[in-house]
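# Working through the structure, step by step
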Amino acid sequence: QWLATEALQRNLAAQEALLKAIPAVVFYMDTDLRYVAASQAFADFFGLSIDNLIGKTVFDILPQQEPAKDMHRINKRVLDTGIASVIPEYPMHDLHGNLVYVSVMRISYRDVNGKIIGIVGAGIDVTAIKKAANLHAELLKENRALTRSLFDVQEAERRHLARELHDELGQWLTAIQAEAQAICNITDPESKIYEGAKAISESAS
């Protein structure tokens, strides 16, 4: 019995050291869904000391009722069913009122007889990752819009050049035809000059 007690104390000491050092939010809750242990990062997130956190429920630490109800509902489902819950991006407000996103996993834990005696949760702040993903999506959207705009500009320029070439070429050909016809009018129809001018006029036409 003494060995079992010593082993338990060592385990509790190791757990306490881990919870103080780990940068992730970690918490343990009992079957009444009250906090029985938590990481320092978890306590810091809510602006509480670990001692002030122990024994409290989510309704005690979250002033906003809707998020508290939502978290309580998820915790209770995990406790009742034993099925783990994983939420990749859970929106929350930190101590300073800033919106942050936390990836949270909750799972039940059991005693030696297999009876559920509480839940443990762990999470990490993924706000920076989400912001980066949103920025990437926005830049991709802007890039697509810019590409479409570039294509539109290029197509408009092509149409503009085509109109200019068509109009100028038409004017040149009309002038050539008129001058060739003028030459025909003042030359002998039997001459080679007349035949050449007539051919130019017909080609231009």
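Residues numbered from 1 in each chain as written. Predicted model: local features only at pLDDT ≥ 70, side-chain atom pairs only at ≥ 80, totals over all residues. Heavy atoms only, no water.

## Looking at a negative patch on the surface
- Judged by side-chain charge, Glu157, Glu164, Asp167 and Glu168 come together as a negatively charged surface patch.
- With respect to the element layout, Glu157 can be found in helix α6 (residues 127-186).
- Overall, the relative accessible area of 42% leaves Glu157 in the partly exposed class. (Patch = residues over 30% accessible without salt bridge, like charges linked within 9 Å, V, L, I, M, F, W, Y side chains within 5 Å. Areas by Shrake-Rupley, 256 points an atom, 1.4 Å probe, with all protein chains shown as cover. Salt bridge = Lys/Arg side-chain N within 4 Å of Asp/Glu carboxyl O. Lys, Arg positive; Asp, Glu negative; His and termini not counted. Charge placed at Lys NZ, Arg CZ, Asp CG, Glu CD. Helix = DSSP H or I, 4+ residues; strand = E, 2+ residues; numbered from the N terminus. Buried < 20%, exposed > 50% of the residue type's maximum accessible area, 1.4 Å probe, protein only.)

## Overview of the packing of aromatic side chains
- Overall, the coordinates contain six aromatic pairs when judged by the stated rule.
- With 5.7 Å between their ring centres and 85 degrees between their planes, Phe27 and Tyr35 make a pair best called edge-to-face. As far as the burial class goes, Phe27 and Tyr35 line up, both buried.
- With 5.4 Å between their ring centres and 50 degrees between their planes, Tyr35 and Phe42 make a pair best called tilted.
- Taken together through their ring pairs, the aromatic side chains of Phe27, Tyr35, Phe42, Phe45 and Phe46 make up a single cluster.
- Directly above the ring of Tyr101 sits Lys130, whose terminal nitrogen or CZ lies 4.8 Å from the centroid. (Phe/Tyr/Trp six-rings, centres within 6.5 Å; stacked < 30°, edge-to-face > 60°. Lys NZ or Arg CZ within 6 Å of the ring centre and 35° of its normal.)

## Observations regarding the pairing of strand β4 (residues 99-110)
- As defined by bridge partners, strand β3 (residues 85-93) adjoins β4 across seven bridges and the pair is classed as antiparallel. Note that in β4 the partner of Ile87 across the bridge is Val104.
- Counted between consecutive antiparallel strands, the loop separating β3 from β4 contains five residues, among which Gly97 sits at a positive phi close to 85 degrees.
- In the sheet, β4 pairs with strand β5 (residues 116-125) via nine bridges, with the strands oriented antiparallel. Pairing of Ser108 across the sheet is with Ile119, part of β5.
- Between β4 and β5, which pair antiparallel one after the other, the connecting turn spans five residues, and Gly114 there sits at a positive phi close to 90 degrees. (Pairing = 2+ DSSP bridges.)

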